[in-house]
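# Observations on the model geometry
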Amino acid sequence: MPDADFPRDVFRVTAEPRSSPSAGVSELHLRPSAYRELFEYASDAYLITDESGVIRAGSQAAAALLGVPCHALEDSSLALFLDRDAQRDFIGKLSALRNAHARSRWLFRICPRNGAPFDGSLTATAVHRPDGSLVGLRWEIHDIAAEHHLEEAQHFLGEASRALAGTHDYYEGLATLAQLAVPQIADYCLIHEVEESGHIKQVSATAASSEKEFMLRELAQLKFPDPADPRSLLANVLRTGEPVLFEALPPEMAASVTAEPRVLEILEALAPKSLIIVPLKARGVTIGAISLATSESGRVYGEHELELAEELALRGGMAIDNARLHLTAEKASLAKSNFLAAMSHELRTPLSAIFGYAELLHDEIVGPVNAVQKEQLGRIRASGEHLLELVEEILTFARMESRQERVYPEDVDVAELVDSACVLMEPLVLKKGLRLKVHAPDAGVRMETDRSKMRQILCNLLGNAVKFTDHGTIELVARLDGGRTVFEVTDTGIGISRDDLDHVFDPFWQVEQSATRRVGGTGLGLSVARQLARLLGGDVIAESTVGQGSRFVVLMPGAK
Ligand code: ADP
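What comes next concerns the included structure. (Residues numbered from 1 in each chain as written. Predicted model: local features only at pLDDT ≥ 70, side-chain atom pairs only at ≥ 80, totals over all residues. Heavy atoms only, no water.)

## Some details on the sheet that holds strand 4 (residues 55-58)
With antiparallel pairing, five strands are arranged side by side in an open sheet as 4-3-7-6-5. Every other strand in the sheet has two partners, leaving strand 4 and strand 5 (104-110) as the edge strands with one partner each. Each strand axis lies, on average, 30° off the axis of its neighbour in the sheet, ignoring direction. Pairing analysis gives five bridges linking strand 3 (residues 45-49) to strand 7 (residues 134-143), with the strands arranged antiparallel. Along strand 7, the bridge assignment pairs Leu-47 with Trp-139. Sheet strands in contact with helix 5 (residues 84-97) are strand 5, strand 6 (118-128) and strand 7, and its direction is about 160° off that of strand 5. The strands touched by helix 6 (residues 144-165) are strand 5, strand 6 and strand 7; relative to strand 7, the strand with the most contacts, the crossing angle is about 55°. (Pairing = 2+ DSSP bridges. Helix = DSSP H or I, 4+ residues; strand = E, 2+ residues; numbered from the N terminus. Axes fitted to C-alpha atoms, helices over the stretch in contact; angles between N-to-C directions. Contact = heavy atoms within 4.5 Å.)

## Some details on the site of the ligand
The ligand sits among 21 residues. The nearest are Asn-464, Asp-491, Gln-510, Gly-523 and Leu-526. Here Leu-526 contributes a backbone N or O atom positioned 2.8 Å from an oxygen atom of the ligand. With respect to the ligand, the side chain of Ser-550 contributes an N or O atom lying 3.5 Å from a nitrogen atom. The element that contributes the greatest number of residues to the shell around the ligand is helix 15 (residues 451-467), accounting for three residues. (Near = heavy atom within 4 Å. Polar contact = N/O pair within 3.5 Å; in protein donor to acceptor, adjacent residues only side chain to side chain.)

## A word on helix 15
Compared with an ideal rise of 1.5 Å per residue, which puts 17 residues at 24 Å, helix 15 spans 24 Å between its outermost C-alpha atoms and is within 8% of the ideal. Counting buried positions along helix 15 yields twelve of 17 residues, so the element is predominantly enclosed. (Expected span 1.5 Å × (residues − 1). Buried < 20%, exposed > 50% of the residue type's maximum accessible area, 1.4 Å probe, protein only.)

## Digging into the sheet that holds strand 14 (residues 435-439)
Overall, mixed pairing links the five strands, which are arranged 14-16-17-19-18 in an open sheet. Two strands lie at the open edges of the sheet, namely strand 14 and strand 18 (539-545), each paired on one side alone. Pairs of neighbouring strands in the sheet enclose a mean axial angle of 15°, with direction left out of account. In this structure, strand 17 (residues 484-490) lies alongside strand 19 (residues 549-556), joined through six bridges in antiparallel fashion.

## Details of a negative patch on the surface
A contiguous patch of negative charge on the surface is contributed by Glu-242, Glu-247, Glu-303, Glu-307 and Glu-310. Of note, Glu-247 is situated in the loop between strand 10 (244-246) and helix 10 (253-257). We classify Glu-247 as partly exposed; its relative accessible area is 44%. (Patch = residues over 30% accessible without salt bridge, like charges linked within 9 Å, V, L, I, M, F, W, Y side chains within 5 Å. Areas by Shrake-Rupley, 256 points an atom, 1.4 Å probe, with all protein chains shown as cover. Salt bridge = Lys/Arg side-chain N within 4 Å of Asp/Glu carboxyl O. Lys, Arg positive; Asp, Glu negative; His and termini not counted. Charge placed at Lys NZ, Arg CZ, Asp CG, Glu CD.)

Bear in mind that shape data such as this cannot, by itself, settle questions of function.
This is the structure we're talking about:
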């Protein structure tokens, strides 16, 4: 049973049965197929050694970390990759491992064959057979500084995300992003945006020293870089959408990208040593770039920093895209509100004229009219009033959308408020042969609110209740609940399905679409009612059962 006594994990080792108690190392036969893939692709450094620390196999990442080709790992002693002073200590620890059943983690200075020494953590797990004998040792090696870098990078990216999410003003977000980058990952940072006209606009410039920051700003005045200049590194990144990394910029670089004397002077004073330019993209389109450079710190950028910069650009690009979409949507919404407001206003003027003339005729100011004509004039008036209500509704909606609706709070008697809404609705209720039941607190119970807005909310809800009920009763209840005043409008009408209930407060939304509708309306009543309620610090909620009826509950603060 070669495999059965070994834990079922990725480092499976096939051990032959022990021929003698001292068979130890020679019996450790590793089966490459079981872990080859993992070793090839694992990003972590894994090793398998025998009990004396001789390497039997290792992942590519381990070979890279120890500075040797993968095949050269085998049969080398792990101790030889440690600092000379630590080797004896390591050998001592190894013997203690033989009987250990838990994982042990040690910190050692690791000396790769190729490359600079680094502080590493070695985590060892002894693999035993059920009879307790040792099969081998499993190792994970980490470069602590690299891990520390990773933690720092994650922290940095987290901060950047928060900065970008915290504002709708993406220029502000990008400025914060540049400020975070300096000095954490750059000595200076520039962010450029491609404008719709194709011009490159510098939207943010931050440097570790104010002198350099001043120079960066001056570059923007000097229109550097020029998007049309083929020598411009930034323009190339913007054109190709590919990031660039210059680990070490030659001093003559400045002269190779510009011939303009003042720009040259500034570039030479900035003295970039290492440079990364990453594109900012939104839905695949390059919309700008982040340039990170080191100078006085002498720091040299590598793949690690490039990856970090790309992550940063990903977040920056998404933030710009979101902010731009938000801006476009807001503009469109404002345009719609302005259009509605203008239209409604234009409709109100001729409507007033129609009212006026109908009234003149009705009151026989310009001559006698008979009973039939009077009745018809009454219909003109009723239709005009209805039209005016619709126009008023659209106007209120437009004002709410453009945040122009003002609140005029006053001391309101709840019973009076309920009464004033019912007076307006009663004719409609009677006309449809319905019953209206009203329960209001006694006179003297008051609330602090905007009277006409509150009345409009109740009228909208009562109007709907009447519109969508053919038989039965409409009920309006007003009551106090703690510090709140609660109004409930209940009907015995057609009801609203669960799915539709999620949309009834959306503007212009109607269960039955206009072509098939039997009743009129703009689809704004509930939206306006809820927006008004929220403006007054309350809310409107709905519950309903199809075929049985609906209940709309208005919860308002300000009960006295
Ligand atoms: P409108 O009444 O002008 O169509 P609203 O915003 O007031 O617009 O209502 C949106 C939709 O919600 C209505 O078209 C209707 O389909 C549904 N609705 C609203 N109130 C009721 C109700 N009491 N009973 C049944 N359906 C209702």
